[in-house]
Amino acid sequence: MSSQTVAAEAVPVVEAGAVGRSPGRLMWRRFRRDRVGVISACVVLFFFAVGLLAPVISWLYGKDPYTRYGQLESGLLNEYGYPVKPNGGIDGEFWFGLEPGTGRDVFMELVYGIRTSLLIALVVTILATLTAIVLGIAAGYLGGRWDAAISRLIDLLMAFPQQLFFVAFLPIIATLFVDPRQETPTHVKVISVIIVLWALGWMTLGRILRGATLSLREREFVEAAKVSGASPWRIIRKELLPNVVSPMLVQATYMLPNFVTTAAALSFLGVGLTEPTPDWGRMFATAAEVYRSDITYMFFPGVSMVIFIVAFNLLGDSVRDAFDPKTVR
Amino acid sequence: MLRFLMRRTLGAVAILLVISAVTFFLFYAIPRNPALLACGKGVCTEEQLAIVEHNLGIDKAIPVQYWEYMVGIFAGRDFPAGHCPAPCLGFSFRDNRPVLDTIMDRLPTTVSLTIGGAVVFLILGLGLGMLAAARRGTLLDKTVSSTSLVLSSMQIYFLGPLALAVLVYNTGLLPQPSDASAFTEEPWEWFKGLLLPWLVLATIFTANYTRMSRATLIEQLQEDHVRTAKAKGMSRPTVFFRYAWRGSLIPIVTIFGIDLGALFGGAMITEVTFSLHGLGRLAVDSVTQSNLPMLMGVMLFAALMIVLFNIIIDACYALIDPRVRLG
């Protein structure tokens, strides 16, 4: 540690701006100085904006993801169903080309696909984080029998073959809502995907929060709150929760892109969202059928997903560094 | 060591029992009628439903069904459609044979895919990670780190078709992936057929292993005992490999065991992408055909692999780190 920082700690009044800054403020200041972090945050925000504003984009662009333009107008698709123009039919009218076979607009499909994927991932992240908070803090704070039960539950769920679980239980969850003999409506599929991802998505964070609570419980300020007669609810809300915000945020930024790719994998395997719902992952399933004749179709969903995941991972690292400047890079 | 293994085996059996019970319950109790699932989207008549129910053995109470299933694993079981010998994981009515037979048929592909892929990604991942950590801060380190960041963000369902299009269909550098040839009969054909899946599977994993081995090595290189060794005047390679590298292995062994356990249970996306017929493909096909007994069997097998590799990892800790005591 340099002598300068020691001096600053000893006489905090010298630097007027340093007084009364909350940890959140400090984190924000450190984050703002991290150029990679800011850029990746912008990229991530851009994707969320695209998802949120999909109807506006559709209105400005003048097309929607369901209409089969290639079949309505002649001269766009050839007799085998592939775009007539080179590079998947990219031109001024269809920015990202046409989908082989159906002749839908790829740009609109991607925009609405991002919307579906991010919606699912966001909901799962929120649900998983809430579950982890409730169960993790309950295990850590109540201890004893609660702790044993919740820890065993986490161990058990961790031993499940994850991907297999997702694939196997999706159709079963769907039968809770619809008779298996009938077609499953889209919203039921979305809800089923959310439920299976949520069921196995909260354990890592839950374990982290349990550990953090376990050590915080013995700290003086919690003891002090207890002695002064604070209710357990108040202690959890005012003493424990603010202290676990940083691992929570860091873990959530790692969780969300994971849910995006897992949900996409489910659609790719044909058990997640299916035609005609626009979905990022479903585009890969279509791409896998047509890539030998039209590889351009795969390009846009693939590259955009790589950009999104890279940006999100960089953002996660930056958030972690901003909370904990000690980490080695 | 023996006591440790026995204790862990008992624990593993307990976990497997619970997993099997939970899976069984989820499969056969949650759906309003599992027989309807087996019927598929078509409409079954009431008689057909009754036959399916009887075949699945679900015309009895759930605990009775589970008990019969468990007894079947140890003693074998008779179904209306045929006999299922001792480790009976169930009986598939789609193809009229015990589930375990099909799993065993599919196992060679999964094992080949896993072992070959693991060899590639371990060598590449650890090698690149070591290189980056040893030359930390240089251009080489930055190139390796950023490349592995991008590659780890790639998805097999994107990279796989891309590699197939470029390396197989457009240039013909590699043959079409296939799982047809056996290792013992035609090792060269086997190698050629699986090379591309190995490389694609390994690309994703390599990136993770590179990042991790770099990070842990850098941490280890700053440890006191490494500094002491350097100060004593030991040669750089000795310090690097004997002191730092060995210490960095623990987290890598942990992740490797988890990955290997998961891969032995079937690499679904890779197998579907390259149309290989391993356990992962079997699971996906069972879901689309609503083949519940098969799915239950694959699930149990995959869980067994995960638990098994957990024990192996813990035993490996003791080999790497003499401070770890088993018991």
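Quick note: structure is the one above.
Conventions and cut-offs
- Residues numbered from 1 in each chain as written.
- Chains lettered and ligands numbered in written order.
- Predicted model: local features only at pLDDT ≥ 70, side-chain atom pairs only at ≥ 80, totals over all residues.
- Heavy atoms only, no water.
- Helix = DSSP H or I, 4+ residues; strand = E, 2+ residues; numbered from the N terminus.
- Buried < 20%, exposed > 50% of the residue type's maximum accessible area, 1.4 Å probe, protein only.
- Contact = heavy atoms within 4.5 Å.
- Areas by Shrake-Rupley, 256 points an atom, 1.4 Å probe, with all protein chains shown as cover.
- Lys, Arg positive; Asp, Glu negative; His and termini not counted.
- Charge placed at Lys NZ, Arg CZ, Asp CG, Glu CD.
- Buried area = accessible area lost by both parts, 1.4 Å probe.
- Salt bridge = Lys/Arg side-chain N within 4 Å of Asp/Glu carboxyl O.
- Polar contact = N/O pair within 3.5 Å; in protein donor to acceptor, adjacent residues only side chain to side chain.
- Nonpolar A, V, L, I, M, F, W, Y, C, P; charged D, E, K, R; others polar.
- Bend = angle between axes of the 7 residues up to and from the residue.
- Core = buried A, V, L, I, M, F, W, Y, C linked by side-chain atoms within 4.5 Å.

**Some remarks on the overall build of chain A**
Inference 1: A tally of helices and strands in chain A yields 16 helices and 0 strands.
Inference 2: Taking the principal axes of the C-alpha coordinates as reference, chain A spans close to 80 × 50 × 30 Å.
Inference 3: Put simply, chain A has 329 residues, and 50% of those count as buried.
Inference 4: Considering only contacts in chain A between residues 6 or more positions apart, those separated by 24 or more positions represent 71%.
Inference 5: Of the roughly 16,000 Å² of accessible surface on chain A, 63% is carried by carbon and sulfur atoms.
Inference 6: Here chain A holds 29 positive side-chain charges and 26 negative ones, and the gap between their average locations is 10 Å.

**Focus on the interface of chain A and chain B**
Inference 1: If you look at the interface, chain A gives 44 residues, while chain B gives 49 residues.
Inference 2: A combined buried area of about 4,300 Å² lies between chain A and chain B, and 76% of that area is made up of carbon and sulfur atoms.
Inference 3: Put simply, chain A and chain B have 1 salt bridge between them.
Inference 4: Put simply, Asp317 of chain A and Arg211 of chain B hold a salt bridge, and the shortest N to O gap is 3.7 Å.
Inference 5: Between the two partners, chain A and chain B, sit 1 residue pair in polar contact (both at pLDDT 80 or more).
Inference 6: Residue contributions to the side of chain A that touches chain B peak at 11 residues, all from helix α9 (residues 162-177) of chain A.
Inference 7: Across the side of chain A that touches chain B, the residue classes tally to 31 nonpolar, 7 polar and 6 charged.

**Topic: the pattern of salt bridges**
Residues and elements named next belong to chain A.
Inference 1: Across all of its chains, the model carries 16 salt bridges over all chains by this definition.
Inference 2: Arg104 is the salt-bridge partner of Glu99, the closest N and O atoms lying 2.8 Å from each other.
Inference 3: Here the salt bridges share partners, and the residues they tie into one network are Glu99, Arg104, Glu109 and Arg282.

**Notes on unusual backbone geometry**
Residue and element names in this part refer to chain B.
Inference 1: One non-glycine residue, Ser275, lies in positive phi territory at about 40°.
Inference 2: Residue position: Ser275 is located in the loop between α11 (268-273) and α12 (279-288).
Inference 3: Classification of Ser275 as partly exposed rests on a relative accessible area of 39%.

**Concerning helix α7 (residues 156-170) of chain B**
Inference 1: Along α7 of chain B, the largest kink reaches about 25° and is centred on Leu164 of chain B.
Inference 2: Listing the buried residues of α7 of chain B in full gives Ile156, Tyr157, Phe158, Leu159, Gly160, Pro161, Ala163, Leu164, Ala165 and Val168 of chain B.
Inference 3: Turning to α7 of chain B, the residues buried within the fold contact α14 (245-268), α15 (280-290) and α16 (296-323) of chain A together with α8 (187-221) and α11 of chain B.
Inference 4: One or two residues past the end of α7 of chain B sits Gly172 of chain B, with phi positive at roughly 70°.

**Details of the environment of Leu170 of chain A**
Residues and elements named next belong to chain A.
Inference 1: With respect to the helices and strands, Leu170 occurs in helix α9.
Inference 2: Owing to a relative accessible area of 3%, Leu170 belongs among the buried residues under this scheme.
Inference 3: The contact partners of Leu170, leaving out residues within four places of it in the chain, are Ser192, Val193, Val196, Leu266, Val271 and Gly272.

**Overview of the nonpolar core**
Inference 1: Counting residues in hydrophobic clusters, the biggest one holds 153 residues, and the most contacted among them are Ile120, Phe169, Leu197, Trp280 and Phe308 of chain A together with Phe27 of chain B.
Inference 2: By size, the runner-up hydrophobic cluster in this structure holds 9 residues, among which are Met130, Leu217, Val226 and Phe240 of chain B.

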